[in-house]
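# Fold and contact review
The lines below spell out each chain.
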Amino acid sequence: MDAKLQEYIDKLNKLNFKEMYEGDFFLTWEKTDDEIEAVFTVADALRYLRENNISVKIFESGLGVSLFRDNSTRTRFSFASACNLLGLQVQDLDEGKSQIAHGETVRETANMISFMADVIGIRDDMYIGKGNTYMHEVASAVTQGHKDGVLEQKPTLVNLQCDIDHPTQCMADMLHIIHEFGGVENLKGKKIAMTWAYSPSYGKPLSVPQGVIGLMTRFGMDVVLAHPEGYEVMPEVEEVARANAAKSGGSYTKVSSMAEAFKDADIVYPKSWAPFAAMEERTDLYAKGDSDGIKALEKRLLEQNAQHKDWCCTEELMKTTRDGKALYLHCLPADINGVSCVDGEVEASVFDRYRDPLYKEASFKPYIIAAMIFLAKCGDPQAMLKALSERGEKRRLSL
């Protein structure tokens, strides 16, 4: 047995993650510390095998069904990559070309797409109170379909971003941090600044900042949330962050200044998001079909954003971080000054300096998604990793 792979297996042997088998992945804070660590460990193991040209296909056939109700590049391709890595073919569900447009129920759609599906990935992040609820409806429908004998297996549901959390993104961010700082044991006391930043658009979801404060407070870190007045996140997620910090020995604080958040920070994450109250209002307006109200809301929010153009990740702010060398994170795409917009979230020189680390950060996402699927589909992940290694099937032929 390869010594490195054995390390991953030994680590898994010390963790309790049995409840993940045949389960779903909705929110990080619904998972135990052992389950979160199991995802990180399997993600690293799968990456290690692939980098050593070992195939990790655990499926000979099957579908990974994706439903994106919002635009996506990184997450869409990460899901497709993860499914392909494990041997699944991806089929995108285009609601405009399906019977959903004709009033087909959630239960019917979920069962009709799942006859040979092993996983369903959904992004539904635009409307407060809707996205995560819809995902649960789909999971409930296929669970019942399996129970009734309609489906030969229950597809695993993976949250690819909802109105509450973006688990695949934030876990990829966290695994990147773990690698950059040389292990999770080195994170206690590290300061991470999750700050709002200016954007010329108005409707960015809250799920990234909420996912960050909901996950990174579990590692004994000092997590700081910064935003101008009026850009609050969901209060229930803040309660999760406070509880996590108390349990882990870290801290969770809120400030109203980007400069205060950046001071002596080890990690910075400047990212725009829409106010929680405004997103609730937006959801109600769309439900009523009030197009004039939506236009008025958009105008108001753009004007509100424009009052805070100074909330930008600048070279001067970066100098105030720990030794002037904080790790800069972003889920991408970033609004870059003078590149993608006139004024935005980050100065071009800062972004350019961190471009390669940002791409490395994004590269963890396919493996995080693959690990979620792997743990849901393998009753004994340790034995499966060992079998894959011993089988030694080459991912690609080489001469």
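Look up a bit, the structure's there.
Scope of this entry: the structure provided in the associated data block.

Parameters and conventions
- Residues numbered from 1 in each chain as written.
- Predicted model: local features only at pLDDT ≥ 70, side-chain atom pairs only at ≥ 80, totals over all residues.
- Heavy atoms only, no water.
- Patch = residues over 30% accessible without salt bridge, like charges linked within 9 Å, V, L, I, M, F, W, Y side chains within 5 Å.
- Areas by Shrake-Rupley, 256 points an atom, 1.4 Å probe, with all protein chains shown as cover.
- Salt bridge = Lys/Arg side-chain N within 4 Å of Asp/Glu carboxyl O.
- Helix = DSSP H or I, 4+ residues; strand = E, 2+ residues; numbered from the N terminus.
- Buried < 20%, exposed > 50% of the residue type's maximum accessible area, 1.4 Å probe, protein only.
- Disulfide = S-S within 2.5 Å.
- Phe/Tyr/Trp six-rings, centres within 6.5 Å; stacked < 30°, edge-to-face > 60°.
- Lys NZ or Arg CZ within 6 Å of the ring centre and 35° of its normal.
- Pairing = 2+ DSSP bridges.
- Right-handed = clockwise from strand over helix to strand, strands pointing away.
- Contact = heavy atoms within 4.5 Å.
- Core = buried A, V, L, I, M, F, W, Y, C linked by side-chain atoms within 4.5 Å.

Taken together, the side chains of Met112, Phe115, Met116 and Val150 make up a nonpolar region of the molecular surface, amounting to roughly 410 Å² of accessible area. Looking at where Met116 falls in the secondary structure, it is placed in the loop between α4 (106-112) and β3 (117-124). Residue Met116 is classed as exposed on the basis of its relative accessible area of 62%.

This part takes up the state of the cysteines. Scanning the model with the defined rule gives zero disulfides in all. Take Cys313: it sits in no disulfide, and the sulfur closest to it among the cysteines is that of Cys312, at 6.7 Å. Residue class for Cys313 comes out buried when judged on its relative accessible area of 0%. In this structure Cys378 is not part of a disulfide, and its nearest cysteine sulfur, from Cys83, lies 14 Å away. Since its relative accessible area comes to 5%, Cys378 is described here as buried.

All right, on to the packing of aromatic side chains then. Under the counting rule described, the total for this entry stands at six aromatic pairs. Look at Trp196 and Trp311: their rings are 6.2 Å apart centre to centre, the planes differ by 70°, and that puts the pair in the edge-to-face class. A residue pair is termed long-range when its members are at least 10 positions apart, and Trp196 in the loop between β5 (191-195) and α7 (207-216) and Trp311 in the loop between α11 (291-306) and α12 (315-319) qualify at 115 residues. Both rings, one in Tyr328 and one in Tyr354, keep their centres 5.7 Å apart while their planes meet at 50°; by these two values the pair is tilted. Of this pair, Tyr328 sits in strand β9 (residues 327-328) while Tyr354 sits in the loop between α13 (348-353) and α14 (355-363), placing them 26 residues apart in sequence. Side by side, Tyr328 and Tyr354 carry an identical accessibility label, which is buried. Joined through ring pairs, the aromatic side chains of Trp196, Tyr231 and Trp311 make up one cluster. The residue whose ring lies beneath Lys31 is Phe25, and the NZ or CZ to ring-centre distance is 5.1 Å. One residue, Arg76, lies across the ring of Phe68, its end atom 4.4 Å from the ring centre.

By the bridge criterion, four bridges tie strand β1 (residues 63-68) to strand β2 (residues 89-92) in an arrangement that is parallel. Among the inter-strand pairings, Val65 is bridged to a residue of β2, identified as Gln91. Crossover β1 to β2 through helix α3 (residues 74-86) is right-handed.

Right, let's get into the environment of Ile213. Among the structural elements, Ile213 can be located in helix α7. Note on Ile213: relative accessible area 0%, which makes it buried. Distance in space between the C-alpha atoms of Ile213 and Met318 is 21 Å, their sequence separation being 105 residues. Ignoring anything within four residues of it in the chain, the contact list for Ile213 reads Val223, Leu225, Val233, Val237, Glu238, Ala241 and Tyr252.

In terms of nonpolar packing, the biggest core is built from 126 residues, with Met174 and Tyr328 touching the most fellow members. The element contributing the most residues to this core is helix α2 (residues 33-51), with 10 residues. With near-sequence residues (within four places) excluded, Tyr328 lies in contact with Val268, Pro270, Cys313, Met318, Ala334, Val346, Phe351, Tyr354, Leu358 and Glu361. Of all hydrophobic cores here, the second largest spans six residues; its members include Tyr202, Ala278, Leu285 and Leu301.

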